[in-house]
Amino acid sequence: AQSVSQHNHHVILSEAASLELGCNYSYGGTVNLFWYVQYPGQHLQLLLKYFSGDPLVKGIKGFEAEFIKSKFPFNLRKPSVQWSDTAEYFCAVPSSNTGKLIFGQGTTLQVKP
Amino acid sequence: DVKVTQSSRYLVKRTGEKVFLECVQDMDHENMFWYRQDPGLGLRLIYFSYDVKMKEKGDIPEGYSVSREKKERFSLILESASTNQTSMYLCASRTRQANTEAFFGQGTRLTVV
């Protein structure tokens, strides 16, 4: 069965620090990978997605992730975080035989000004 | 612009009440989902629907039921609300294609007293 695991539950960084959030997954079919973000008081929105093509995926607000190959982590990166990046981040994969999206436990990022 | 609209942002209900949470999407998506979001547990799937009148249990369906009489509307029902159902409830919709993202509503913060 597909699964997603995010090991960093709570990350605290200072502004301008580099960010890398881990996402491990198991996936049985064609690889499709998603990162979502939830800013305080807002709805979940797509940060970036990978489904084919260039393995380096660039998302909104300077975030990126690289698909190396199946079963390797799909980590979210940003070279220099800002206070406005304070949010909760979720990694997700679709179930291979249904339309479900399976989410990781989430990582709360707190950026100190 | 895709919209997923949940009928209430905040609800307070009494133990034992029957509670209805409504969700409407305007993009003709086949799949609709109800998730529950709790700190440290991420998003857990309660139920999802892949077509009108079709539904499938998610990871935590106990105490919940759903209804999808029209393609655009997906309702979550708490048959007899209990305090352990106090949570944030998120509705989402998505097409059947594996490489497409889900779109989320603003969430309903339900408190059962």
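Refer to the structure presented above.
From a predicted model like this one, the values you see are computed outputs, not experimental measurements.

**Student:** Go over the interface of chain B and chain A with me, naming the residues and quoting the values.
**Tutor:** One frequently used descriptor of interface size is the decrease in accessible area upon assembly of the parts. The partner chain A presents 21 residues to the 22 residues of chain B that form the contact. Taking the shortest distance from any N to any O, the salt bridge between K49 of chain A and E101 of chain B comes out at 3.1 Å. Taken together, the connections running from chain B to chain A amount to 7 residue pairs in polar contact (both at pLDDT 80 or more). Residue assignment for the side of chain B that touches chain A shows that the elements contributing at least two residues are β4 (31–38), β5 (42–51) and β9 (87–94) of chain B. Considering only residue class, the side of chain B that touches chain A consists of 10 nonpolar, 8 polar and 4 charged.

**Student:** I'd like to hear about the sheet that holds strand β3 (residues 19–25) of chain B, residue by residue, with values.
**Tutor:** Residue and element names in this part refer to chain B. Taking strand neighbours across the sheet as the criterion, the 4 strands line up as β1-β3-β8-β7 in an open arrangement whose pairing is antiparallel. Two strands in the sheet have a free side with no partner beyond their single neighbour: β1 (4–6) and β7 (64–70). Each strand axis lies, on average, 20 degrees off the axis of its neighbour in the sheet, ignoring direction. Pairing between β7 and strand β8 (residues 73–78): 5 bridges, direction antiparallel.

**Student:** I'd like a rundown of the state of the cysteines, residues and numbers included.
**Tutor:** All names here are of chain B. Under the counting rule described, the total for this entry stands at 2 disulfides over all chains. Each sulfur of the disulfide joining C23 and C91 lies 1.9 Å from the other. Here the S-S torsion is close to -80 degrees, and the disulfide linking C23 with C91 is therefore left-handed. With a gap of 68 residues between them, C23 in strand β3 and C91 in strand β9 connect regions that are remote in the sequence. Comparing C23 with C91, the two get one shared label, buried.

**Student:** Give a description of the sheet that holds strand β9 (residues 76–78) of chain A that names residues and reports values.
**Tutor:** Residue and element names in this part refer to chain A. Taken in spatial order, the 4 strands make up an open sheet running β3-β9-β8-β7, and their pairing is antiparallel. Where the open sheet ends on each side, the last strands, each with one partner, are β3 (19–21) and β7 (56–58). The sheet shows a mean angle of 25 degrees between the axes of neighbouring strands, taken without regard to direction. Direction of pairing for β7 relative to strand β8 (residues 64–66): antiparallel, over a ladder of 3 bridges. In the strand pairing of β8, K58 is matched with E64.

**Student:** Report on the packing of aromatic side chains, specifying residues and quantitative values.
**Tutor:** On inspection of all chains with the given rule, the structure shows 13 aromatic pairs over all chains. Ring geometry for F34 of chain A against Y36 of chain A: centres 6.4 Å apart, planes inclined by 35 degrees, an arrangement best described as tilted. Like F34 of chain A, the residue Y36 of chain A is buried in the burial classification. Through a chain of ring-to-ring contacts, three or more aromatic side chains come together here, namely F34, Y36, F90 and F103 of chain A together with F33, Y35, F48, Y50 and F104 of chain B.

**Student:** Tell me what's going on with unusual backbone geometry, and back it up with residues and numbers.
**Tutor:** For A16 of chain A, which is not glycine, the phi dihedral falls at a positive 80 degrees. Take A16 of chain A: its relative accessible area is 53%, and that puts it in the exposed class. Phi angles above zero are rare outside glycine, and D28 of chain B is one such case at about 60 degrees. Tracing the backbone through its elements, the reader meets D28 of chain B in the loop between β3 and β4. Judged by its relative accessible area of 52%, D28 of chain B is exposed.

**Student:** Just give me the short version of the side chain of S87 of chain B, but keep the residues and values in it.
**Tutor:** Residues and elements named next belong to chain B. Within the element layout of this structure, S87 appears in strand β9. Within the local environment of S87, its side chain forms a polar contact with the side chain of R36, the two groups lying 3.3 Å apart. Not counting residues up to four positions away in its chain, the partners in contact with S87 are R36, Q37, D38, T108, R109 and L110.

**Student:** Talk me through the layout of surface pockets; I want residue IDs and the actual numbers.
**Tutor:** If a probe the size of a water molecule is rolled over the atoms, the empty space left behind becomes visible. Counted as a void, the largest pocket has a volume near 380 Å³. Along its surface, the largest pocket is lined by 22 residues, and Q38, G41 and E88 of chain A together with Q37 and R109 of chain B are the ones closest to its centre. Only β10 (87–94) and β12 (107–112) of chain A together with β4 of chain B provide two or more residues apiece to the lining of the largest pocket. Of the residues forming the lining of the largest pocket, the biggest block, 3 residues, is contributed by β10 of chain A. For the lining of the largest pocket, the per-class residue count stands at 8 nonpolar, 10 polar and 4 charged.

Thresholds applied
- Residues numbered from 1 in each chain as written.
- Chains lettered and ligands numbered in written order.
- Predicted model: local features only at pLDDT ≥ 70, side-chain atom pairs only at ≥ 80, totals over all residues.
- Heavy atoms only, no water.
- Contact = heavy atoms within 4.5 Å.
- Salt bridge = Lys/Arg side-chain N within 4 Å of Asp/Glu carboxyl O.
- Polar contact = N/O pair within 3.5 Å; in protein donor to acceptor, adjacent residues only side chain to side chain.
- Helix = DSSP H or I, 4+ residues; strand = E, 2+ residues; numbered from the N terminus.
- Nonpolar A, V, L, I, M, F, W, Y, C, P; charged D, E, K, R; others polar.
- Pairing = 2+ DSSP bridges.
- Axes fitted to C-alpha atoms, helices over the stretch in contact; angles between N-to-C directions.
- Disulfide = S-S within 2.5 Å.
- Buried < 20%, exposed > 50% of the residue type's maximum accessible area, 1.4 Å probe, protein only.
- Phe/Tyr/Trp six-rings, centres within 6.5 Å; stacked < 30°, edge-to-face > 60°.
- 1 Å grid on protein atoms, 1.4 Å probe; cavity = no way out; pocket = protein on both sides within 12 Å on 5 of 7 lines; lining within 4 Å.
- Points joined across faces, edges and corners; volume = space filled by probe spheres on them.

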